[in-house]
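Architecture and fold: a report
Read off the chains here:
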Amino acid sequence: MLNSNSNSSAVENSNVAKSRPLTSQRIPIKQIDSQTSGKIHIRQQKGYFQRIRTGMNSLLVALFFLLPFISYQGRQAILFNISEQQFIFFGTTLWPQDFTILAWIFIAAAFLLFFATVFWGRVWCGYLCPQTAWTFMFVWIEERIEGSSNKRLALDKAPMSLKKASKRISKHLAWGAIALLTGCGFIAYFIPARELYLDILTFEASFWIATWVWFFAICTYLNAGWMREQMCLHCCPYARFQSVMFDANTKTVTYDASRGESRGPRKRKQETDLGDCVDCNLCVDVCPTGIDIRNGLQYECINCGACVDACNQTMEKFGYKTNLISYASENELVDKAVPFYESYKFLGYGIAALIMLAVIGFDISSRSAIELNVIRDRQTLYRETLTDAIENSFTLKIRNKTQQARHYQIYVSGNNSYQLAGKSRVLIEAGEQLDYPVTVSADLNALDKSRNEITFVVAEQHSHSQVAQNSSFFSPI
Ligand code: SF4
Ligand code: SF4
């Protein structure tokens, strides 16, 4: 593994830290033996940061499963309705042509993530990433069934027996059940949730729905049960480009080598010349990616804080000051901390995120709830009637983009007097498009050119919403 991040100047191992000033501008590169090649038996850790992480992960999982059950105005509040090409979000319906708003939302979310990363490092990975949340959930189940990390290691090495087989089967069944539930939870954002769960429970789901549920269930099972940290190490692109966002003020999980080295075991209260690291290895045992943070900042670190809690526990046991491992920036370690708002990256990403949020707000507020498309009759340019009137035919494609049925009034105007034949008031059901044929007529004697511009206006009754589109009215002149 190659450690090549500039922040590591503050946290790399003691030998390097002692031989070179921490403020050096040179980027240190150090070869470290890989520790993440074998299976990791994560030791569960309790503590301040783990309580925060568990709370946030639990909230994320709860929201994931419960959001599809929330109804708003009689419909599922969040639904990607692929068959009807709609994305419903709390009463607002986005159509394919509105998807620029989704693009803005993704861009704003990316800037917000970068903004948080400049200040808190990979805090997203440790506290909010679904991969982390589901992995910790699977590890929790594993620990309940197979026991602590030591017991799991012993079980791995033990020959197959009835006891081992029953534990393994129980674990995989429990993982499978959670994975299947996750598959349903995911598909519930695309198929109305209540129908979906009922169909799954009564084995009445269609072939394709069942296939997608199983597909996501298998992905979850492999990801959280087997792949785990390998996804973060080898598949996640964010792990690779995060260092671009770091600067000397970024708080990352950091080992204070100047205080901890030289490390070494000792008895409690024993007088010693060693540094504060008692080499208990707890920080490595609890690490979900299997690294040793004492080797310096590494791209594998997901900033989960488990090693901070583990080390603080050891420090308290030995009566030492806590935070030998802590969330600290490079500047803080050399007592040069500057306010975070003086970081140009922090300000830059913050301003970019605010601009994107303003763009989203503007886009949503200027969005019309009616869509109109006017199509001329391609067969006949015009018709002359016995009463010297000229008629042109059109089809109005009117879409009600709201989630309620609406009445609409149709008007036509132009440089002459135009009349609409037939009904000018229509009712359109929620989310439906009406293809409405209309005939527009004008007095031949009042027309002075062969091509006249006319405007169709469709206005929602009892509302200020309206939409207009121009077209052409042809006559024989
Ligand atoms: S080094 Fe510490 S913060 Fe980083 S992933 Fe491992 S346990 Fe979590
Ligand atoms: S947990 Fe703390 S004391 Fe124990 S090995 Fe890690 S850094 Fe050293």
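Counting restarts for each chain: residues are numbered from 1 in the order of the written sequence. Labels follow written order: the first chain is A, the first ligand is 1, and so on. Per-residue local features are limited, in this predicted model, to residues with pLDDT of at least 70; the limit for side-chain atom pairs, both in listing and counting, is 80 or more; totals at the level of whole chains, interfaces and linings are taken over all residues. Based on all heavy atoms of the structure, the side-chain values leave hydrogens and waters out of the count.

What follows deals with the side chain of Lys401. In this structure, Lys401 sits in the loop between strand S12 (389-400) and strand S13 (406-414). Relative accessible area serves as the criterion here: at 8%, Lys401 is assigned to the buried category. Under the rule applied, a polar contact is a pair of N or O atoms within 3.5 Å (in protein, one hydrogen donor and one hydrogen acceptor; residues adjacent in sequence only if both atoms are side-chain atoms). At 3.4 Å, the side chain of Lys401 and the backbone oxygen of Ser368 are in polar contact. In this description, contact between two residues means that some pair of their heavy atoms is separated by no more than 4.5 Å. Those residues within four positions of Lys401 in sequence are excluded, and the remaining contacts are Thr93, Trp95, Asp98, Arg367, Ser368, Ala369, Ile370 and Glu371. Secondary structure elements are taken from DSSP: a helix is a run of H or I of four residues or more, a strand is a run of E of two residues or more, and numbering for both begins at the N terminus. When a residue's accessible area, from a 1.4 Å probe over protein chains only, is under 20% of the maximum for its type it is buried; when over 50% it is exposed; and in between it is partly exposed.

What follows deals with a nonpolar patch on the surface. Only residues whose relative accessible area exceeds 30% and that take part in no salt bridge are eligible for patches, with like-charged residues grouped when within 9 Å of each other and nonpolar side chains (Val, Leu, Ile, Met, Phe, Trp, Tyr) grouped when within 5 Å. To measure how exposed things are, a 1.4 Å probe is used in the Shrake-Rupley method; for residues, cover is taken only from the protein chains shown. Put simply, a salt bridge is a Lys or Arg side-chain nitrogen that is within 4 Å of an Asp or Glu carboxyl oxygen. The grouping of Tyr48, Ile52, Met56, Trp124 and Leu128 at the surface amounts to a nonpolar patch, some 430 Å² of accessible area in total. The biggest single contributor to the nonpolar patch is helix H2 (residues 48-66), with three residues.

This next bit is on the UniProt feature "transmembrane region" (unreviewed entry) in the chain. UniProt positions are given in the numbering used here, feature names are shortened, and annotations may be inferred rather than shown by experiment. Under the feature "transmembrane region" (unreviewed entry), the UniProt entry names residues 54-72, 101-121, 173-193, 205-224 and 346-364. Between the end C-alpha atoms of residues 101-121 the distance is 28 Å, and the span holds 95% helix and 0% strand. As annotated, residues 346-364 has a helix share of 100% and a strand share of 0%, and its two end C-alpha atoms lie 27 Å apart.

What follows deals with the packing of aromatic side chains. Within 6.5 Å between ring centres, the rings of Phe, Tyr and Trp (the latter by its six-membered ring) count as paired, and their orientation is classed by plane angle as stacked under 30 degrees, edge-to-face over 60, tilted in between. For the structure on display, the rule yields 29 aromatic pairs. Plain terms: the ring middles of Phe65 and Trp134 are 6.4 Å apart, the flat faces sit at 45° to each other, and that makes the pair tilted. Taken as a pair, Phe65 in helix H2 and Trp134 in helix H5 (residues 130-146) lie far apart in primary sequence, 69 residues in all. For the residue pair Phe65 and Trp134, the accessibility class agrees, reading buried in each case. Aromatic side chains Trp120 and Tyr327 sit 6.1 Å apart centroid to centroid with 75° between the ring planes, which places their arrangement in the edge-to-face category. Of this pair, Trp120 sits in helix H3 (residues 99-120) while Tyr327 sits in strand S9 (residues 325-328), placing them 207 residues apart in sequence. Look at Trp120 and you get partly exposed, because its relative accessible area is 34%. For Tyr327, a relative accessible area of 12% puts it in the buried group.

Right, let's talk about the site of ligand 1 for a bit. Taken together, 13 residues lie near ligand 1, and Cys287, Cys301, Cys304, Gly305 and Cys307 sit nearest. Across the shell around ligand 1, the residue classes break down as ten nonpolar, three polar and no charged. For this purpose, a residue is taken to be near a molecule or strand whenever a single non-hydrogen atom of the residue falls within 4 Å of it. Three categories are distinguished: nonpolar for Ala, Val, Leu, Ile, Met, Phe, Trp, Tyr, Cys and Pro, charged for Asp, Glu, Lys and Arg, and polar for the others, with Gly belonging to the last.

Here we take up helix H8 (residues 193-201). All buried positions along H8 are accounted for by Ala193, Leu196 and Tyr197. The buried residues of H8 occupy an angular sector of 90° when projected down its axis, which confines them to one face. Those residues of H8 that are exposed and aimed more than 90 degrees away from the buried face are Arg194 and Leu198. Elements in contact with the buried residues of H8: H2, strand S4 (75-76), helix H7 (162-187) and helix H9 (207-227). Looking one or two residues beyond H8, the residue adopting positive phi is Phe203, at roughly 55°. The arc refers to the directions leading from the helix axis to the C-beta atoms.

Looking now at the domain arrangement of the chain. The accessible area lost on association of the parts is a frequent measure of interface size. Here the limits of each domain have been adopted from an automatic or database domain assignment. Along its sequence, the chain is organised into domain 1 (36-245 + 342-360) and domain 2 (370-474). When each unit is reduced to the centre of its C-alpha atoms, the spacing between domain 1 and domain 2 is 49 Å. With nine residues of domain 1 in contact, the opposing surface of domain 2 contributes eight residues. Counting every contact that joins domain 1 to domain 2 gives zero salt bridges. Linking domain 1 to domain 2 there are two residue pairs in polar contact (both at pLDDT 80 or more).

This part covers a positive patch on the surface. The charged-residue count follows a simple rule in which Lys and Arg add positive charge and Asp and Glu add negative charge, with His and chain termini not counted at all. Taken as the charge location is NZ of Lys, CZ of Arg, CG of Asp or CD of Glu. A grouping of Arg43, Arg268, Lys269 and Lys317 is seen on the molecular surface, where their side chains present a positively charged patch. For Arg268, the position within the fold is in the loop between helix H12 (257-260) and helix H13 (282-285). According to the relative accessible area criterion, Arg268 is exposed, its value standing at 53%.

Right, let's talk about unusual backbone geometry for a bit. Note that the residue after Glu261, namely Ser262, is joined by a cis bond; omega there is -5°. Structurally, Ser262 can be placed in the loop between H12 and H13. Positive phi values are uncommon outside glycine, yet Gln73 reaches one of about 50°. Mapped onto the fold, Gln73 is located in the loop between strand S3 (71-72) and S4. Although it is not a glycine, Asp279 sits at a positive phi angle of roughly 55°. Relative to the elements of secondary structure, Asp279 occurs in the loop between H12 and H13. By relative accessible area, Asp279 is classed as partly exposed at 35%.

So, on to the nonpolar core. Take the buried Ala, Val, Leu, Ile, Met, Phe, Trp, Tyr and Cys residues and link them wherever side-chain atoms come within 4.5 Å; each set so joined is a nonpolar core. Judged by nonpolar contacts, the single largest core of 32 residues is most densely connected at Val253, Tyr255, Ile293, Cys307, Val308 and Ile325. Contributing elements (two or more residues each) for this core: H3, helix H4 (123-127), helix H11 (237-245), strand S8 (252-255), H13, helix H14 (306-318), S9 and helix H16 (344-365). Here this core gets six residues from one element, more than from any other, and that element is H14. Excluding its chain neighbours within four sequence positions, the residues that come into contact with Ile325 are Val253, Thr254, Tyr255, Cys283, Ile293, Cys307, Val308, Cys311 and Asn312. Counting residues in hydrophobic clusters, the runner-up holds 27 residues, among them Ile101, Trp134, Phe138 and Tyr197.

Between the first and last residue of a helix there are one fewer steps than residues, each counted as 1.5 Å, and that sum is the expected span. Between its first and last C-alpha atoms H2 spans 27 Å; for 19 residues at 1.5 Å apiece the expected length is 27 Å, and the two agree. All of the buried residues in H2 are Phe49, Gln50, Arg53, Asn57, Val61, Phe64 and Phe65. Down the axis of H2, the buried set is contained in an arc of 125°. They therefore lie on one face. Among the exposed residues of H2, those pointing more than 90 degrees away from its buried face are Tyr48, Arg51, Leu59 and Leu66. Elements that come into contact with the buried residues of H2 comprise H4, H5, H7, H8, H14 and S9.

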